[in-house]
Amino acid sequence: SEAPEDDGPAPVTYVHSMDGAPKSLDPARASSIYGKTLVLNLYDTLYRYRYLARPYALAPNLAAALPEFSEDGLTLTIRLKEGVRFVDDPAFPDGVGREVVASDVVYSLLRHFDPETQSQGAWLWRERIEGLEEWKAAGADYDAPPPGLRALDEHTLQLRLTQPYPQIVYTLTQGYAAVLPREAVAYHGEGLGTHAVGSGPFRLISVDRTRAVLERNSAFRQEPVSLAAEGFDPAFDEGLGLERIEGRAPPFLDRLEVEFIREDAARWNAFFAGETEFLKLPVAQFDRVLESRDPVRLQPNMAERFHVQAAPEAGFVYTSFNMDDPAIGDHPDPDQDERNRALRCAIVKAFDWPTRNQQFSGGLGRVFPGVIPPVVPEFNPDLDPTSITHDLEGAQALLTEYGWNAENLPVLKWGFPSSVTDRQLFELFRGYMVTLGFPAEKVQPLVYASFGDFLRAFTNREVMLVTTGWTLDYPDAENTLQLFYGRNASPGANNGNFDDEEFNRLYREAAVLEPSPERTALFQAMNQRVLDECAAISGLNRRLLLLWSRELAMQPDRAFVGGYFFRFIDRLTPEVP
Amino acid sequence: MSSSAAANRPRRDSTPPGARETATPALSVRGLTVQLRGRGASGTLLEGLDLDLPAGEITGLAGASGSGKTLTTLALMGLADPGTFRVRAQQVLLAGEPIDLANQRQLGGLRGDHMAMVFQDPATALDPVFTIGYQVAAPLRRRSGGRSHKARDLALAALSAVGFPEPELIAARYPHELSGGQRQRCVIAMAQALQPAVLFADEPTTALDTLTQQVVLAELDRLASECGTAILLVSHDLRLMAQHARSVLVMASGKIVEALDAVKLGTGARHPCTRRLVDALPRIPKTPDPPNSALADPSADQAMREPLLDIIDVTSGYPPRRALLPGRVRGENTLHGVSLSVYAGEIHGVAGESGCGKSTLARMLVQLLPVRSGSLRLDGEDLGGADREQRRRWQRRLQLVFQDPGSALSPRRTVAQTLSEAAQHFGRSDARPQLEKTLADVEMDAAALDRLPGQFSSGQRQRIALASALIGEPDLLIADEALSALDLPVQADILKLLNRLRTQRGLAILLISHDLALLRAHADTISVMDGGRIIEQGTPQALFSAPASALTRRLIAAIPRLEAG
Amino acid sequence: MRSDAVQQLWRSRGWRFGLGLGLMLAAIALAVGFGWLGPDGSVGGPQWQGASAAHWFGTNRLGQDIFDRALAGTATAFRVGGLVTAGALVLGALLGAAAGWRTGSLLDEVMLYLMGVLDSVPIYLLAAALAFALGGGELAVITAMTLSFWTATARLIRGEVARLRTREFVLSAQAIGLPAPLIVGRHLLPNAAHILLVQGALTFVAAIKTEVILSFLGIGTLENVSWGLMLAESTQDLLAGHFGNFAAASLLLFLLLLALNLMTDALQDAFDLRETAA
Amino acid sequence: MSLAGYLLRRLVHGAALMLGVALLSFTLMVQFGPDQTFELLGKNPTTEDIETVRENLGYDRPFLMRFGDWLSHTLRGDFGVSAANGEPVGPLLGRAFPITLALVLPGFLIGNVLGLLLGMLAAWHRGGAWDRLVLGGSVAGLSLSFLVIIIVLQLLLCTPYGLNLFPTRGWRVDGLGSYFYYVTVPTLALITVSLGYNTRFYRAVILEELGREHIRTARAFGAGGGELLFTHALRNAAVPVLTRLLYSIPLVLVSGSLLIETYFGIPGVGKIAFDAITSGDQAVLLAIVVLTAALFVAVQLLADAGSRLADPRLGSS
Ligand SMILES: Nc1ncnc2c1ncn2[C@@H]1O[C@H](COP(=O)(O)OP(=O)(O)OP(=O)(O)O)[C@@H](O)[C@H]1O
Ligand SMILES: Nc1ncnc2c1ncn2[C@@H]1O[C@H](COP(=O)(O)OP(=O)(O)OP(=O)(O)O)[C@@H](O)[C@H]1O
Ligand SMILES: [Mg+2]
Ligand SMILES: [Mg+2]
């Protein structure tokens, strides 16, 4: 009933929904997909992924071009675009945003190594860049940057690596690598968790635990879209209305609202009632929405209103055995060690992945053997599926062969943080173990009140069976294989504490290699080691069903760093106020 | 209140004031029957009651406890809970107009203006959160249909009519700021203001001490004579009737068994129920009578005998509240230098106004309260330096019986449990025969042993309490108003028992009571207390013939007598 | 127990119905405890089955029989409710009586202070804190609820003991020199038994209700199947049109609460207790 | 006792209470509370990183020092920052509090007024048909879990499975219209869950008052039903009613709003508390606990003052 405003067209608004809320918008601390999504829209990174290209391909963002590598591959030189400005903010003298320069990038990366920062992304560059550790030890003086990370001039940056790091450019697309001005840290301090002083396509208006409101950064650089360059593939991207952004400069939204709705039911209700325009569909709803799963097709009444996309998650879920636990893992006595291995293999065989996929991922996920998931180029679709085949007889035979019976089977302790789904997963596992021959009371839950407590427990190697998901940082199998590298054992990401000499040797060899067939061969050999040792029950690459309103021209993507597509979103029919 | 109910009201002007005394009674009831619902004939509580209340007179309604006195008044007021009782009557005429006791609407319209009632307990009869002025004026305002200054003026007039010299002051107070007698007078003031045709007064003075009793009854007298109100005065104390009523109705088991002139109460009673009530009254002989005690004149004897219990200049009081934080009330002395001697085989009476410290004295004696100064001696043995064992002996030799039979026994324990607990504690046998014998001492059946206190009448309960005090075979029994709550006939029974025990065993009794007449009749020595001190002491004869203090004189004067004063 | 009150109790239809229902559920809980009823831990049946003769409320996401799980929830409810109630009553009766025996004493002040402190911490927050402190799970939930709930009983018992303490039968017992614990134990607490009975029923109800909400909040019992857990699961199922979890858990929950509330009601009526305390 | 002395005592009491609450919650939530360390660490932390984070979090310092520090900050009004997003707790709660108040107030008021009226109806007709109806209804109401009520109401009123009239979540209030839009369903839920308790409470209180002797006196002098109920009974019941009303405020604000706000995604105190619970955000939890205790102290004072006003017997002692 409000009088329409006559001054200018209505603002183009889009209401997004996410299934969780960001903890911090400080680029060094935004570790969740939720935080990173916002960070990538509020700040600039040197590089980004192309909007539509699959497999993922890199594109310059704040950088003018891809880096120039030196002959030995250890020195990178990166040119920055000129005239890019931070948004206006009281952090700056007279409140006006200044230009983004190379020293800002240096500052933003160095910041991770300042103990004050409490960075969560430092591990991406630790021991990779020359002089970083010394710089930190010397007291983290930003005015005396380490030799490996320097601004050559206002718009040129140079990185010197300690050893070849083929994934370095990928790391520069991450939210951790977002560029922020030193003034902002000085001015806002801890407040950066809820403030943003960046140069991204949007600026932050407000954020709390339920929603964030962003507005177009009107000073964002004008870079017309070329769909072809962004990797437009008619097979995937036709019919979404994407053509309308061709040749126009993002962002197209005046206002971007992001609702954080953790509860599945509420998220679904809000979407269905039109309060939000995007939804990561809860698994429980798959049946109500889909007419068919292969190919994924909506029911007609849904299809009238929504687009759907089944997007593979950039990561996988798996359960690792704590190899430090002599009851199930490595054992000094070679015989017992062998029996333990047999026990692990029997458990792996008794695990019914297809049912698990059906029940918890709506049958859309992809079960794969080993730890190289389908989303990385090194994935081998022809791998022997024995390890993911439900084989109860085989498992029981294995137990009998190695002398395991109901009396001498160890008590299995399955750890999980307090949540309904995690509890269901436990019941599922217990069910499988009971059919394998475990007495029900020998499969026990190990409940932790918070995820943090669970983390601490398995970081302290206290949990026998650790079920986690790994979200990939970049599309490269190195990122998942490091999960089994001995040096990364707890407190590192190798939470099963798998420490296999052969594996470690192969890993060290492959780590410095550029992507190549021989590197892929090394990766496959490592994967085989994990399979042979039955070090993990793995794995499932889930697929997310993303639904969005037909009024929107967009191709959403949650993978890797998730947030780059927002700047390309446009409305088909401008909203009538 | 609807207008139709108003139309039903008999108009109070219909009877000219002069005609009242001779003409129709203010209230005439024929065949009032009240039954408990759903119990048939066995639930009949009142049966065919006939009743006439002449205007301007006080009519007495007496009867044993449970005979139906209260129920009669409630039924006539329409206040008997219709869910519990079924009320019927052949005919009820209020100032000559018929009313229907089943018609709640009509009765609701009559209450206040035409009938009102004063209840027993002044402590709870008034709404604690409204001022007296508001409450006295409330019925007047209802009558005039809203708030009016006239109501307030009338209320003040009524308050001054019931004898408050400064009615504004009283009007501004809350009920808790008044004494029991004052409160009861305020309720009467409400009646005074309304001048109802009929006023029921259900034991209006039972909860008051004898001095206050007189003041309140005088107001009722005035209300009857000056406003022409017909008053039904309910009481079990015939002495009050004799003094204030014109005629007295005696009830027993839901029926009126006798109606007689108040002046003839002492002599004319014929029905056994009435006789029982009359006989139970303590008599105050006109001439000095022989000493109460079976022993020789104790005053002559005392000089030679050692007292059993010696209280020498004792100060005592309630303990201070230990406080975590500052600002709490500290303990003060309640007894200030009390001295008293009790001899074996003697009944020593202690009298005094409410709050003078009688119970405090009793509690101090059984070591519930500390002796702050002075000393206590039992058979010459000082309690001051007593060890645990001595204290225990002391506890056995001194036993206390409390006032309220309702709360004197642990309600969840059988009589046997109660008795054997005491017996064990004092190292006496708690064998069944022993318990039975003790019960027999208080004239109770062995069958009582397995019952719970709730299954006895108050008189029986008091006897059980007495039995549990006696089982330790004490030398001194302290009875703190142990008789006050009982019917006079029951009271007399228990006194007989006590008298027997002291002659048989030489038991000494400290009999605490505010009823001087009772002490006059039964005590060997009387001490009068005031403000935590003993102000006078002597034989009953001496005390009554030559009271030394003003308080004693007042207490004696206030004793009600059957012979109309 | 007053015999008239007991008689009135048995005349009350609410009491008889509530007791019958409660006993039936208790029998179910016992049967589950003995392993005669309830789920056997197996999974892998067809998921999301509708109601049928074999599965009265259908099956859940894991293909388990929902009704079996709801029955198992009965055992959890009785265990959690029972332990909390027992703990709260014992603590409340002992500490309340100790405080009421000497109102105004140092002990009383300390008890009042302690109760004040515990009452000022909202139950969910206390439960959460304890869940973290004790490592989560049923033990934490039971401890938290016991710590929160005993104060109500203690206050009532304290009041009742303080009231009875000045009664003459207590003074008599004291006058003959009975030691205080004996007096409290023999004379005072038995007289407050009706309060304990009613408080017991109320605490039971509160414990079950709170457990449901704590489970939903993710800090409830997770070692065993509980109605709270099922309801929490059901919030995910509901919009997919699977009502089995919700229906089974909320139905049994309602029945048990109804039984307890009817009994509480009848008890309060019979013993003339009023919930006028805040 | 002088007024100043009384106030002083109250203040000392209140301060002692809050100190106790603070100590208890600090011990539970911080000393034995969840370990934030590992949530603040990146994917491949070193032991040195772990040390740094623990140091930054102050985990390596003795308990009393940490408590003292926290206390002195709190006393200066500084509640620290939320571990969830680094936002200062003060403004965080300051923003949430009015929302919660606006959310629960209508339900609280209506629930009580309705409960009072129903309670009076039942008490007046004690044992009668109305009484049985009201009591039966309230027993049924008591037997419903808050969670079940919320789920059903949301299903019926906010989703396409039901009437779909109201929003399922959120709080975007900018006027009376939108206020009603967002507040209706939570209000209904609050009323439903509280009505059973309220009705029984008010019935019991009114019944107790109606049973008093002075009511009989008032009747004997002609007072009618309305006057007895609304003047005598209600006025006399003021103390328990006031006490209950006041004491339920902290509970409604924190515990009551917790479930509602979580389920309806409303950014009030309850939601913040919930998030703090599930993530172990100690600064926020502590602030909420201590502020609740402060609220209790304030409520106690108010209840005391109110009782003194309402009951002349208390005022004069
Ligand atoms: N609510 C009730 N239910 C059942 N019986 C009752 C009830 N109230 C009174 N009675 C019975 O009615 C009879 C008359 O009681 P009422 O109160 O009129 O006695 P009373 O003469 O006033 O005695 P008292 O002198 O003790 O006051 C008694 O037998 C009593 O037991
Ligand atoms: N438990 C108590 N704590 C503090 N003071 C008390 C206590 N009991 C009585 N008092 C006070 O002690 C004084 C004496 O009371 P006591 O009970 O001895 O009077 P009494 O002579 O027995 O009166 P009554 O005839 O009314 O029984 C009174 O002023 C009373 O207020
Ligand atoms: Mg009577
Ligand atoms: Mg006394």
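Residues numbered from 1 in each chain as written. Chains lettered and ligands numbered in written order. Predicted model: local features only at pLDDT ≥ 70, side-chain atom pairs only at ≥ 80, totals over all residues. Heavy atoms only, no water.

**Here we look at the interface of chain C and chain D**
When the parts of a complex come together, some accessible area is lost, and that lost area is often used as the size of the interface.
So, point 1. Each partner contributes to the interface: chain C provides 42 residues, whereas chain D provides 51 residues.
So, point 2. Buried surface at the junction of chain C and chain D, summed over both partners, amounts to about 4,200 Å²; 74% is from carbon and sulfur atoms.
So, point 3. For the interface between chain C and chain D, the tally reads one salt bridge.
So, point 4. Our enumeration of links across chain C and chain D arrives at eight residue pairs in polar contact (both at pLDDT 80 or more).
So, point 5. Every element with two or more residues in the side of chain C that touches chain D is listed here: α4 (106-120), α5 (123-133), α9 (193-217), α10 (227-237) and α11 (244-270) of chain C.
So, point 6. The biggest single contributor to the side of chain C that touches chain D is α11(C), with 10 residues.
So, point 7. When grouped by side-chain class, the residues that make up the side of chain C that touches chain D number 30 nonpolar, seven polar and five charged. (Contact = heavy atoms within 4.5 Å. Buried area = accessible area lost by both parts, 1.4 Å probe. Salt bridge = Lys/Arg side-chain N within 4 Å of Asp/Glu carboxyl O. Polar contact = N/O pair within 3.5 Å; in protein donor to acceptor, adjacent residues only side chain to side chain. Helix = DSSP H or I, 4+ residues; strand = E, 2+ residues; numbered from the N terminus. Nonpolar A, V, L, I, M, F, W, Y, C, P; charged D, E, K, R; others polar.)

**Remarks on the site of ligand 2**
Residue and element names in this part refer to chain B.
So, point 1. All residues adjacent to ligand 2 are Tyr318, Thr334, Glu353, Ser354, Gly355, Cys356, Gly357, Lys358, Ser359, Thr360 and Glu481.
So, point 2. Cys356 places a polar main-chain atom, nitrogen or oxygen, 3.2 Å from an oxygen atom of ligand 2.
So, point 3. In the environment of ligand 2, an oxygen atom lies 2.6 Å from a nitrogen or oxygen atom belonging to the side chain of Ser359.
So, point 4. Burial of ligand 2 by the protein chains amounts to 56% of its free accessible area of 630 Å².
So, point 5. Broken down by element, the residue count for the shell around ligand 2 peaks at three residues, all from helix α13 (residues 358-365).
So, point 6. Looking at the shell around ligand 2 residue by residue, the classes come out as two nonpolar, six polar and three charged. (Near = heavy atom within 4 Å. Areas by Shrake-Rupley, 256 points an atom, 1.4 Å probe, with all protein chains shown as cover.)

**Focus on the interface of chain A and chain C**
So, point 1. Taken together, the 28 residues of chain A in the interface contact 27 residues of chain C.
So, point 2. Interface area, chain A with chain C, both sides summed: about 2,500 Å², of which 56% is carbon and sulfur.
So, point 3. Put simply, chain A and chain C have one salt bridge between them.
So, point 4. Across the chain A-chain C interface, the total number found is six residue pairs in polar contact (both at pLDDT 80 or more).
So, point 5. For the side of chain A that touches chain C, the elements supplying multiple residues, two or more each, are α7 (264-272), α11 (353-361), α13 (420-436) and β18 (443-448) of chain A.

**Points about helix α8 (residues 210-227) of chain B**
All names here are of chain B.
So, point 1. Over its 18 residues, α8 runs 26 Å from end to end, which matches the ideal 26 Å to within 8%, given 1.5 Å per residue.
So, point 2. Listed as buried for α8 are Thr210, Leu211, Gln213, Val216, Leu217, Glu219, Leu220, Leu223, Ala224 and Cys227.
So, point 3. Looking one or two places after α8, you find Gly228, whose phi comes out positive at around 70°. (Expected span 1.5 Å × (residues − 1). Buried < 20%, exposed > 50% of the residue type's maximum accessible area, 1.4 Å probe, protein only.)

**Structural notes on the nonpolar core**
So, point 1. Residues A:Leu46, A:Trp125, A:Ile347, A:Phe429, A:Met433, A:Phe484 and C:Trp227 are the most contacted members of the largest nonpolar core, which totals 305 residues.
So, point 2. Among the elements that line this core, the one with the most residues is helix α3 (residues 66-101) of chain C, at 11 residues.
So, point 3. Those residues in contact with A:Phe484 that sit more than four places away from it in its chain are A:Tyr318, A:Val371, A:Asn494, A:Phe498, A:Phe503, A:Asn504, A:Val530, A:Ala535 and A:Ala536.
So, point 4. Core analysis: the second largest hydrophobic core is formed by 95 residues, B:Leu110, B:Leu240, B:Ala242 and B:Val278 among them. (Core = buried A, V, L, I, M, F, W, Y, C linked by side-chain atoms within 4.5 Å.)

**Concerning the site of ligand 1**
Residue and element names in this part refer to chain B.
So, point 1. Taken together, Leu36, Leu45, Ala64, Ser65, Gly66, Ser67, Gly68, Lys69, Thr70, Leu71, Phe85 and Glu203 are the residues near ligand 1.
So, point 2. With respect to ligand 1, the backbone of Ser67 contributes an N or O atom lying 3.3 Å from an oxygen atom.
So, point 3. In the model, an oxygen atom of ligand 1 is placed 2.8 Å from a nitrogen or oxygen of the Leu71 main chain.
So, point 4. Per-element tally for the shell around ligand 1: the top contributor is helix α2 (residues 69-77), with three residues.
So, point 5. For the shell around ligand 1, the class distribution of residues is five nonpolar, five polar and two charged.

**Some words on the pattern of salt bridges**
Residue and element names in this part refer to chain D.
So, point 1. Tallied over the full model, the rule gives 80 salt bridges over all chains.
So, point 2. As a salt-bridge pair, Asp304 and Arg10 come within 2.8 Å of each other at their nearest N and O atoms. With Asp304 in helix α12 (residues 282-310) and Arg10 in helix α1 (residues 3-31), this pair connects stretches of sequence that are 294 residues apart.

**Notes on the state of the cysteines**
So, point 1. On inspection of all chains with the given rule, the structure shows one disulfide over all chains.
So, point 2. In this model A:Cys345 forms its disulfide with A:Cys534; the gap between the sulfur atoms is 2.0 Å. Measuring handedness by torsion sign, the sulfur bridge of A:Cys345 and A:Cys534 sits at about 105° and is right-handed. With A:Cys345 in helix α10 (residues 334-350) and A:Cys534 in the loop between α17 (517-533) and β20 (536-541), this pair connects stretches of sequence that are 189 residues apart. Like A:Cys534, A:Cys345 is buried.
So, point 3. B:Cys186 takes part in no disulfide bond, and the closest cysteine sulfur to it belongs to B:Cys227, at a distance of 16 Å.
So, point 4. For B:Cys186, a relative accessible area of 1% puts it in the buried group. (Disulfide = S-S within 2.5 Å.)

**With respect to the side chain of D:Glu261**
Residues and elements named next belong to chain D.
So, point 1. Relative to the helices and strands, Glu261 is located in helix α10 (residues 238-264).
So, point 2. Summary of buried charges: Glu261 has no salt-bridge partner, and the nearest side chain of opposite charge, Lys271, is 8.5 Å away.
So, point 3. Looking at Glu261, its side chain comes within polar contact range of the main-chain nitrogen of Gly268, at 3.5 Å.
So, point 4. With residues near it in sequence (within four places) discarded, Glu261 still touches Thr100, Leu103, Ile266, Gly268, Val269, Gly270 and Lys271. (Lys, Arg positive; Asp, Glu negative; His and termini not counted.)

**Points about the pairing of strand β19 (residues 465-471) of chain A**
Residues and elements named next belong to chain A.
So, point 1. Relative to β19, strand β15 (residues 315-321) runs antiparallel, the two sharing seven bridges. Among the inter-strand pairings, Thr319 is bridged to a residue of β19, identified as Thr467.
So, point 2. The pairing of strand β17 (residues 412-417) with β19 spans two bridges and is classified as parallel. Paired with Trp414 across the two strands is Leu465, which belongs to β19. (Pairing = 2+ DSSP bridges.)

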